[in-house]
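A closer look at the structure
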2 protein chains.
Amino acid sequence: MSREDESSTEGSVLLPRGFLAGAVRAGVRPDIDKLDVGILYSQAPCTAAGVYTSNRVKAAPLLVCQENLGEGRAQAVIANSGCANAATGEQGLADARQMAELAAAKLRIRPSDVLVASTGVIGTLLPMKRIEDAVSRIELSAAGGPDFARAIMTTDTRPKCAGGHCGRQSEAYSLWAVAKGAGMIHPNMATMLCFVATDAPLAQHYLAACLREAVDASFNMIDVDSDTSTNDTVIVLANGLAGGGPIDDGHPAAGAFRSALTDCCIHLAKAIVADAEGATKVIECAVEGADSLADARKAAREVVRSLAVKTAVYGCDPNWGRILAAVGNSGAAMSEEKAVISISALGNGGVCVYRGAPLPFDATQARACLGAPEVRIRVELGLGDSAATAWGSDITEEYVRLNSAYTT
Amino acid sequence: MSREDESSTEGSVLLPRGFLAGAVRAGVRPDIDKLDVGILYSQAPCTAAGVYTSNRVKAAPLLVCQENLGEGRAQAVIANSGCANAATGEQGLADARQMAELAAAKLRIRPSDVLVASTGVIGTLLPMKRIEDAVSRIELSAAGGPDFARAIMTTDTRPKCAGGHCGRQSEAYSLWAVAKGAGMIHPNMATMLCFVATDAPLAQHYLAACLREAVDASFNMIDVDSDTSTNDTVIVLANGLAGGGPIDDGHPAAGAFRSALTDCCIHLAKAIVADAEGATKVIECAVEGADSLADARKAAREVVRSLAVKTAVYGCDPNWGRILAAVGNSGAAMSEEKAVISISALGNGGVCVYRGAPLPFDATQARACLGAPEVRIRVELGLGDSAATAWGSDITEEYVRLNSAYTT
């Protein structure tokens, strides 16, 4: 498979074979005029897998996903924005189940084949009457992807989709993925949601493994504000309508599918960071030469998490001391004598600012790199062969304003 | 011992028996006009103990402290602000050792009995000529504590001292402690430093255990911006001049000394948070009913770390969803059905906002609590008997401005 085969396209509108989507405005929040309830549906039953928040407070829809995904099969997702249906107790759980039932009745499938996701305010109940009315009005179509993408947005300023394909010409699979962003949101906590649809035929255990790997390399490597919400959910539905035997570890297309799924997730993860509340740029940190993959990931994540680094990048300050200290603070094995730090940007070769000791460097060029929309920090640890990349947003006065100005 | 016996006094100027201190302006940073080199000295040799940063990048002076505190004895501390002497390689280590030698020569003690601490810019070398000149000019006196406190300040807006005493009248011990604040600082990373002097006679292993316990309950329970610097150091010197046998686990004054040391450290830890860059208030989170002390500490720390909570408190938003999610995110065992959350402030009884489910509450009163200079969040987990308290600053536009406006 060439790189072109798996390239992702932002804003892709093409749903894979057999998938339909649609959305309407239910008025979950009467004060906000936007699409807020959507359905993603496959005409054929799907092999499915999910990854959920590590937060111990889990929202009701997430519990319903866990129930319904028990057998690794599903056929539809119903999602809403405006209300997270979290910390809502028994009533919340009943409401989430009813959402599945409403969608199932409309689609003439079993409620247990419907997954449910919600994002928005915590601690308030869903307006079920309005949801019921909305579900009856949703029109599903092969062109409904962008509407579905808009229906799950909260503070996102733009919809986030990715499309890709993989496999050889005779056996081509397509993927379509949609996400909405993380970042705390007034009046309450926001959520990261992602749904992937593919017409590839997948063995369930292989699909679950591919999704875990994709999430670890993408959504688990981004940082907006170091918070993990109660509703974070990533779901993949594979309907197999492209034909062929199930893709498993030994299948010739296995690697290509795995890469394509990871690429889609990385594309969306970066889109979430780029659209973070109040952010002005994306910080990419690539750690190389680490002792282990776990260490490489810890170090890269800590650099993009550090408020000191986030504020320095926002201010275009080539402050390598903060980067070095973040790596030292990550828990990853490292030695300041062996570490090398450089700063670059797309189209700007960059400057090495630290090589086991402070280096004299061209501060003007370093500041130019830091002024770019995507700043790249490379940390070479010189200890082993493992590498990882993380992405984070910078932090700005506007972030603080957005997250404090609201009063419940 | 009554509570009065161990009460701490902010800005205490009284050094314990046999301790002298002093400071001058060396001009470590020629652009900043302040005291920047100080010495704290005991006329008698001291039992000593230290706790250092967990960051893998350790500054040169910290390495010298570890070398010289090997035997658990010391007699003086020399400290400077303006330059952290971190990431400075072999030359930095030689400079830190020379600082110890300069102080030792002045005080006519062994260099190995001198501890060294630095705070300020990372990656630049100390101006040793100016430090040498400064050491010769320092005049030590029993009234020199406040000058020493000023000499270690960086972005701190005020010196931070605490005094206390403990023990019965016939066997009274006094403590004096000084600290400087954490919080990232332009142009580089700041540091938390704390030095405690006491005339109590201590067995070294008991002193080390008391210090570890005090640090775990104080400096390890505060959060300004979730970063751990390369220079963080807490040192205690006990010269025993109050007389009596060494205080050990079985000694009648053991508990009193332990409490007094912890109280002094908590007092200073809160003072650091209250003086955090750009902060407008202190957030105190008390977690009760946890399964274990480790869980109670994790949960309390995560609440005061969460940017979502910090910004909500800054904006006086009684946003309990963010508090519940932070507890859920902490890794501590918890159940949202059992959790109870209330918000209060000194002199304001407070309001319960969540009890296993959202509660209707008086938002005006909740906002009044959140407008206080010290906001108290109480989380009852209902699982066990363990409790812990953490303190954090809120986060403001001013924090972002302070940490990004500077360009190296």
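**Here we look at the overall build of chain A**
On a plain count of helices and strands, chain A comes out with 11 helices and 14 strands. The C-alpha radius of gyration of chain A comes to 22 Å, within 12% of the 22 Å expected for a compact globule of 408 residues. Considering only C-alpha atoms, chain A reaches an extent of 70 × 55 × 35 Å along its principal axes. Counting the 408 residues in chain A, one finds 62% classified as buried. As presented, chain A carries roughly 13900 Å² of accessible surface, and 50% of it is formed by carbon and sulfur atoms. Computing the positive centroid from 36 side-chain charges and the negative centroid from 46, chain A places the two 2 Å apart.

**Some points on the sheet that holds strand 11 (residues 340–345) of chain A**
All names here are of chain A. The strand order across the open sheet formed by six strands is 8-14-10-13-11-12, and the pairing between neighbours is mixed. Edge positions in the open sheet fall to strand 8 (222–223) and strand 12 (348–355), since each of these has one partner strand only. By the bridge criterion, five bridges tie strand 11 to strand 12 in an arrangement that is antiparallel. Paired with Ile341 across the bridge in strand 12 is Tyr354. Each of strand 11, strand 12 and strand 13 (374–380) touches helix 9 (residues 320–329); the most contacted strand, strand 11, lies at about 120° to it. Of the strands in this sheet, strand 11, strand 12 and strand 13 touch helix 10 (residues 363–370), which is tilted by about 115° from strand 12.

**As for the sheet that holds strand 11 (residues 340–345) of chain B**
Residue and element names in this part refer to chain B. Read from one edge to the other, the open sheet built from six strands follows the order 8-14-10-13-11-12, with strand pairing classed as mixed. The sheet terminates laterally at strand 8 (222–223) and strand 12 (348–355), the two strands that pair on one side only. With two bridges connecting them, strand 8 and strand 14 (residues 386–393) associate as parallel partners. When the sheet's bridge partners are listed, Asp223 is paired in strand 14 with Gly392.

**Observations concerning the packing of aromatic side chains**
Residue and element names in this part refer to chain A. Tallied over the full model, the rule gives four aromatic pairs over all chains. With a centroid separation of 5.7 Å and 70° between ring planes, the pair formed by Phe148 and Phe195 is classed as edge-to-face. Taken together, the residues span a long stretch of sequence, with Phe148 in helix 4 (residues 145–151) and Phe195 in strand 7 (residues 193–198) at a distance of 47 residues. For the pair Phe148 and Phe195, one class covers both residues: buried.

**Some thoughts on helix 11 (residues 397–404) of chain A**
Among the residues of helix 11 of chain A, A:Tyr399, A:Val400, A:Asn403 and A:Ser404 are the ones counted as buried. Seen along its axis, helix 11 of chain A keeps its buried residues to an arc of 110°; they face one direction. In this fold, the buried residues of helix 11 of chain A make contact with helix 8 (307–314), helix 9 (320–329) and helix 11 (397–404) of chain B.

**Some points on the packing of helix 1 (residues 60–68) of chain B against helix 2 (residues 89–107) of chain B**
All names here are of chain B. The geometry of helix 1 relative to helix 2 is characterised by a closest axis approach of 8 Å and an angle of 55° between their N-to-C directions. In terms of axis orientation, helix 1 runs oblique to helix 2. Viewed along their axes, helix 1 and helix 2 form a crossing whose handedness is right-handed. Here Ala60, Pro61, Leu63, Val64, Glu67 and Asn68 of helix 1 lie close against helix 2, whose contacting residues are Gly92, Leu93, Ala96, Arg97 and Ala100. Residues belonging to the contact of helix 1 with helix 2 are distributed by class as follows: seven nonpolar, two polar and two charged.

**A word on the pairing of strand 2 (residues 37–52) of chain A**
Residue and element names in this part refer to chain A. Burial runs high along strand 2: 12 of the 16 residues are buried. Two elements, strand 1 (residues 19–24) and strand 2, share six bridges in a ladder whose sense is antiparallel. Residue pairing in the sheet places Ala23 in a bridge with Gly38 of strand 2. As paired strands, strand 2 and strand 3 (residues 73–83) are joined by seven bridges and run antiparallel to one another.

**Considerations on the environment of A:Val234**
All names here are of chain A. For Val234, the position within the fold is in strand 9 (residues 233–238). Val234 gets classed as buried once you look at its relative accessible area, which sits at 3%. In this structure, the C-alpha to C-alpha distance between Val234 and Val215, residues 19 residues apart in sequence, is 8.0 Å.

**Quick look at the pattern of salt bridges**
Pairs can form between side chains of opposite charge once their charged atoms are near each other. Residues and elements named next belong to chain B. The tally for this structure, following the rule as stated, stands at 39 salt bridges over all chains. Salt-bridge contacts for Arg158 lead to Asp275; the nearest nitrogen and oxygen are separated by 3.7 Å. Linking Arg158 in the loop between helix 4 (145–151) and strand 5 (160–166) with Asp275 in the loop between helix 6 (254–274) and strand 10 (282–290), this pair joins segments that are 117 residues apart in sequence. Classification of Asp275 by relative accessible area gives buried; the value is 10%. The partner of Lys270 in a salt bridge is Glu284, and the shortest N-O contact between them spans 3.8 Å.

**Examining the environment of A:Thr124**
Residues and elements named next belong to chain A. Turning to its location among the elements, Thr124 is positioned in the loop between strand 4 (114–121) and helix 3 (128–137). Judged by relative accessible area, which is 35%, Thr124 ranks as partly exposed. Between the C-alpha atoms of Thr124 and Gly92, which are 32 residues apart in sequence, the distance is 8.7 Å. With residues up to four places along the chain from it excluded, the contact list for Thr124 reads Cys83, Asn85 and Thr88.

**As for helix 1 of chain B**
What helix 1 of chain B keeps buried is the set B:Ala60, B:Pro61, B:Leu62, B:Val64, B:Cys65 and B:Asn68. Packed against the buried residues of helix 1 of chain B are strand 2 (37–52), strand 3 (73–83), helix 2, strand 4 (114–121) and strand 9 (233–238) of chain B.

**What to know about the packing of helix 8 (residues 307–314) of chain A against helix 9 of chain A**
All names here are of chain A. The geometry of helix 8 relative to helix 9 is characterised by a closest axis approach of 9 Å and an angle of 155° between their N-to-C directions. When the axes of helix 8 and helix 9 are compared, the pair comes out roughly antiparallel. Crossing angle aside, the handedness with which helix 8 passes helix 9 is left-handed. Taken together, the residues of helix 9 that come into contact with helix 8 (itself represented by Ala308, Val309, Thr311 and Ala312) are Arg322, Ile323 and Ala326. Among the residues making up the contact of helix 8 with helix 9, the classes are represented as five nonpolar, one polar and one charged.

**A short note on the confidence of the model for chain A**
All names here are of chain A. Here chain A shows a mean pLDDT of 90. Residues at 70 or above account for 93%. Confidence drops under a pLDDT of 50 for residues 1–10, and excluding neighbours within four residues, the segment shows 27 contacts in the predicted structure. Per-residue pLDDT stays below 50 along residues 185–189; that stretch engages in 27 contacts with residues further than four places along the chain or on separate chains. Across the predicted assembly, pTM comes out at 0.84 and ipTM at 0.79.

**Quick notes on unusual backbone geometry**
If you check the backbone angles, A:Ala87 has positive phi at about 55° while not being a glycine. Mapping A:Ala87 onto the fold places it in the loop between strand 3 and helix 2 (89–107). With a relative accessible area of 4%, A:Ala87 lands in the buried category. The backbone of B:Cys316 sits at a positive phi, close to 55°, despite the residue not being glycine.

**Examining the environment of A:Val340**
Residue and element names in this part refer to chain A. Looking at where Val340 falls in the secondary structure, it is placed in strand 11. Along the backbone, Val340 and Ala84 are 256 residues apart, and their C-alpha atoms lie at a distance of 44 Å. Residues within four places of Val340 in sequence aside, it is in contact with Cys352, Tyr354, Arg355, Arg378, Val379 and Glu380.

What counts, and where the lines are drawn
- Residues numbered from 1 in each chain as written.
- Chains lettered and ligands numbered in written order.
- Predicted model: local features only at pLDDT ≥ 70, side-chain atom pairs only at ≥ 80, totals over all residues.
- Heavy atoms only, no water.
- Helix = DSSP H or I, 4+ residues; strand = E, 2+ residues; numbered from the N terminus.
- Rg over C-alpha atoms; globule rule 2.2 N^0.38 Å.
- Buried < 20%, exposed > 50% of the residue type's maximum accessible area, 1.4 Å probe, protein only.
- Areas by Shrake-Rupley, 256 points an atom, 1.4 Å probe, with all protein chains shown as cover.
- Lys, Arg positive; Asp, Glu negative; His and termini not counted.
- Charge placed at Lys NZ, Arg CZ, Asp CG, Glu CD.
- Pairing = 2+ DSSP bridges.
- Contact = heavy atoms within 4.5 Å.
- Axes fitted to C-alpha atoms, helices over the stretch in contact; angles between N-to-C directions.
- Phe/Tyr/Trp six-rings, centres within 6.5 Å; stacked < 30°, edge-to-face > 60°.
- Arc of directions from axis to C-beta.
- Parallel < 35°, antiparallel > 145°, perpendicular 65-115°, else oblique.
- Left-handed = near helix turned anticlockwise from the far one by under 90°.
- Nonpolar A, V, L, I, M, F, W, Y, C, P; charged D, E, K, R; others polar.
- Salt bridge = Lys/Arg side-chain N within 4 Å of Asp/Glu carboxyl O.
- pLDDT = per-residue confidence, 0-100.

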